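The residues making up each chain are set out below.
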Amino acid sequence: MASQKRTQVKQQKKRGRKKKAPKNQRAVWVWLDTPQMVDEWKKSAKESNVPTSTFVKEIVEKHLASQGAITTRSALEYKLKDAVQRVRDLRNENLELNKKLERMNTLLDRYEEQIKKSQNDRFLDDEFTGIRDFRQELVDLLKEKHQIKEEKILDFLHIRPGDGKGVKAIGKQIEILLEYGLIIRYKGGYLWKG
């Protein structure tokens, strides 16, 4: 019984194998210019830990694949390996750029906060002498909306109601714009006349 199973397994193995073509049908002769070139190729193959025929075959396949002439398994593996490395490099670069962007956004937020504080302080200081810069966003908002409700102004300018100095500074700017007649009170809001 055991010998029958072994015979069946051997027959299945014989049927499943593909016969290789004879060596003379799979060989390509390469004539090099000098014996030194032969020695260099063999040395390079040995350093790569592959037989000389495999070494030469891989080089030729890479060259043909780069020319788009053929697509072999090793050429596809080479392209895949190259693509994976590029993706890895791009991910690392992307991480670095995200860190840099995050730092720059933090600095920008601090800078904008300092500018707003400086502008607010100029409008809140009654003894300030010099030119006070109105918030350009406020002027643009009033011009663009033509008429805007008073409670909407803080929302459009992204000023929290709890930001006492910010609310007072915007109120002071609106008072000055009213004094100069650039805006007027109109239906619970302001209307640009400038």
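Look a little higher up for the structure.
Presented here is an overview of the structure given in this document. (Residues numbered from 1 in each chain as written. Predicted model: local features only at pLDDT ≥ 70, side-chain atom pairs only at ≥ 80, totals over all residues. Heavy atoms only, no water.)

### Examining helix H6 (residues 136–145)
All of the buried residues in H6 are Leu138, Val139, Leu141 and Leu142. Summarising the axial view, the buried residues of H6 lie within an arc of 160°, below the 170-degree limit, and thus occupy one face. Against the buried residues of H6 lie strand S1 (147–149), helix H7 (150–156), helix H8 (164–179), strand S2 (183–186) and strand S3 (189–192). Positioned one or two residues after H6, His146 has a phi angle of 60°, which is positive. (Buried < 20%, exposed > 50% of the residue type's maximum accessible area, 1.4 Å probe, protein only. Helix = DSSP H or I, 4+ residues; strand = E, 2+ residues; numbered from the N terminus. Arc of directions from axis to C-beta. Contact = heavy atoms within 4.5 Å.)

### So, the pairing of S2
Each regular strand shows side chains that alternate between the opposite faces of the sheet. Bridging between S2 and S3 involves four bridges; their strand directions are antiparallel. Across the sheet, Tyr186 pairs through a bridge with Gly189, a residue of S3. (Pairing = 2+ DSSP bridges.)

### Description of the pattern of salt bridges
Counting across every chain of the model gives two salt bridges. Of the charged contacts in the structure, one is a salt bridge between Asp82 and Arg86, with a shortest N-O distance of 3.8 Å. Residue Asp82 and its partner Arg86 are both found in helix H5 (residues 73–124); the two are separated by four residues, about one turn of the helix. Linking Lys99 and Glu96 is a salt bridge whose minimum nitrogen-to-oxygen distance equals 4.0 Å. Pair noted here: Lys99 and Glu96 are both in helix H5, with a separation of three residues, about one helical turn. Taking the relative accessible area as the measure of exposure, Lys99 reaches 46% and is therefore partly exposed. (Salt bridge = Lys/Arg side-chain N within 4 Å of Asp/Glu carboxyl O.)

### Notes on the packing of aromatic side chains
Tallied over the full model, the rule gives one aromatic pair. Here Trp29 and Trp31 contribute two aromatic rings whose centre-to-centre distance is 6.4 Å and whose plane-to-plane angle is 20°, an arrangement assigned as stacked. Each member of the pair Trp29 and Trp31 is classed as exposed. (Phe/Tyr/Trp six-rings, centres within 6.5 Å; stacked < 30°, edge-to-face > 60°.)

### Comments concerning the sheet that holds S2
Reading across the sheet, the three strands line up as S1-S3-S2 and stay open at both edges, with antiparallel pairing between neighbours. The sheet is open, and its two edges are formed by S1 and S2, each paired on a single side. Sheet twist, expressed as the average angle between the axes of neighbouring strands with direction ignored, equals 30°. With three bridges joining them, S1 and S3 adopt antiparallel strand pairing. Bridge pairing in S3 places Ile148 opposite Tyr190. Where H8 meets the sheet, its contacts fall on S2 and S3, and the angle it forms with S2 comes to roughly 100°. (Axes fitted to C-alpha atoms, helices over the stretch in contact; angles between N-to-C directions.)

### Comments concerning helix H3 (residues 35–47)
The terminal C-alpha atoms of H3, which comprises 13 residues, lie 18 Å apart, in line with the 18 Å expected from a rise of 1.5 Å per residue. Counting buried residues along H3, only one of its 13 residues qualify, which leaves the element largely exposed. After H3 finishes, the residue Asn49 shows a positive phi value of roughly 60°. (Expected span 1.5 Å × (residues − 1).)

### Regarding the nonpolar core
Leu138, Leu142, Ile153, Leu157, Ile170, Ile174 and Ile183 are the most contacted members of the largest nonpolar core, which totals 15 residues. Taken together, the elements giving at least two residues each to this core come down to H6, H7, H8 and S3. A total of four residues in this core trace back to one element, the largest contributor, which is H6. Setting aside chain neighbours within four positions, we find Ile170 in contact with Arg135, Leu138, Ile153, Leu154, Leu157 and Ile159. (Core = buried A, V, L, I, M, F, W, Y, C linked by side-chain atoms within 4.5 Å.)

### Quick notes on unusual backbone geometry
Positive phi values are uncommon outside glycine, yet Asn49 reaches one of about 60°. The topology assignment puts Asn49 in the loop between H3 and helix H4 (52–66). On the accessibility criterion, Asn49 (70% relative accessible area) is exposed. In the Ramachandran plot, His158 falls in the positive-phi region, its phi being about 60° despite a non-glycine side chain. Along the chain, the position of His158 falls in the loop between H7 and H8.

So yeah, pure geometry; function would need other evidence.
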